[in-house]
Amino acid sequence: MDWGRWLQACLAGQGIGVAGYLTIVHYLGTTPVCVASEGCAVVQNSPYATLWGVPVALLGLLVYVVLGVVPLVEGRMPAVQRVGTVGSFILALGGLGFSAYLTWLELFVIKAICTWCVYSAVLLALLTPITFWRAWKAWA
């Protein structure tokens, strides 16, 4: 596995951990552990924590699962490489944009910061150029 595939899988694995934890917390109705005082609980209990009744954390979990699975299967399924790398880039870019919107909401509307959400945004900010580079390389 080349370093780009390995890095994408590892970063997506961390995202699975973060989004998975927040999804579990949502469905259990518990308060997330938070480094920055009560910010995570405030964000998690805000009306922006769901989209059409679906927890945003669950949507993030699905994004990270796809971003983590693609680099693992493309070695076994060469047809996945081109489509999967481009799809990964589009998914990461969309996730980054949505994450930027959610960060804006945290700062200016909710007025609370969730450290888990910030970590997820950083992961997507790292995944986006990696997936772009991998897609570029696959189509070059």
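Notes on the structure follow. (Residues numbered from 1 in each chain as written. Predicted model: local features only at pLDDT ≥ 70, side-chain atom pairs only at ≥ 80, totals over all residues. Heavy atoms only, no water.)

**Quick look at helix H4 (residues 78-110)**
An α-helix turns once per 3.6 residues; consequently, residues spaced three or four apart project the same way.
Here comes step 1: For H4, spanning 33 residues, the distance from its first C-alpha to its last is 45 Å, which sits close to the expected 48 Å at 1.5 Å a residue.
Here comes step 2: Within H4, the axis deviates most sharply at Gly84, by approximately 35 degrees.
Here comes step 3: Three or more residues of H4 are buried, namely Val80, Gly84, Thr85, Ser88, Ala92, Gly95, Ser99, Leu102, Leu105, Glu106 and Ile110.
Here comes step 4: Considering only its buried residues, H4 is in contact with helix H1 (3-28), helix H2 (39-44), helix H3 (56-73) and helix H5 (115-139). (Helix = DSSP H or I, 4+ residues; strand = E, 2+ residues; numbered from the N terminus. Expected span 1.5 Å × (residues − 1). Bend = angle between axes of the 7 residues up to and from the residue. Buried < 20%, exposed > 50% of the residue type's maximum accessible area, 1.4 Å probe, protein only. Contact = heavy atoms within 4.5 Å.)

**As for the packing of aromatic side chains**
Here comes step 1: In total, this model carries six aromatic pairs according to the counting rule given.
Here comes step 2: Ring geometry for Trp104 and Phe108: centres 6.0 Å apart, planes at 45 degrees, overall tilted. Placement of both Trp104 and Phe108 in helix H4 is noted, with a separation of four residues, approximately one turn of the helix.
Here comes step 3: What makes Phe108 exposed here is its relative accessible area of 51%.
Here comes step 4: Members of the aromatic cluster, connected to one another through ring pairs, are Phe89, Phe132 and Trp136. (Phe/Tyr/Trp six-rings, centres within 6.5 Å; stacked < 30°, edge-to-face > 60°.)

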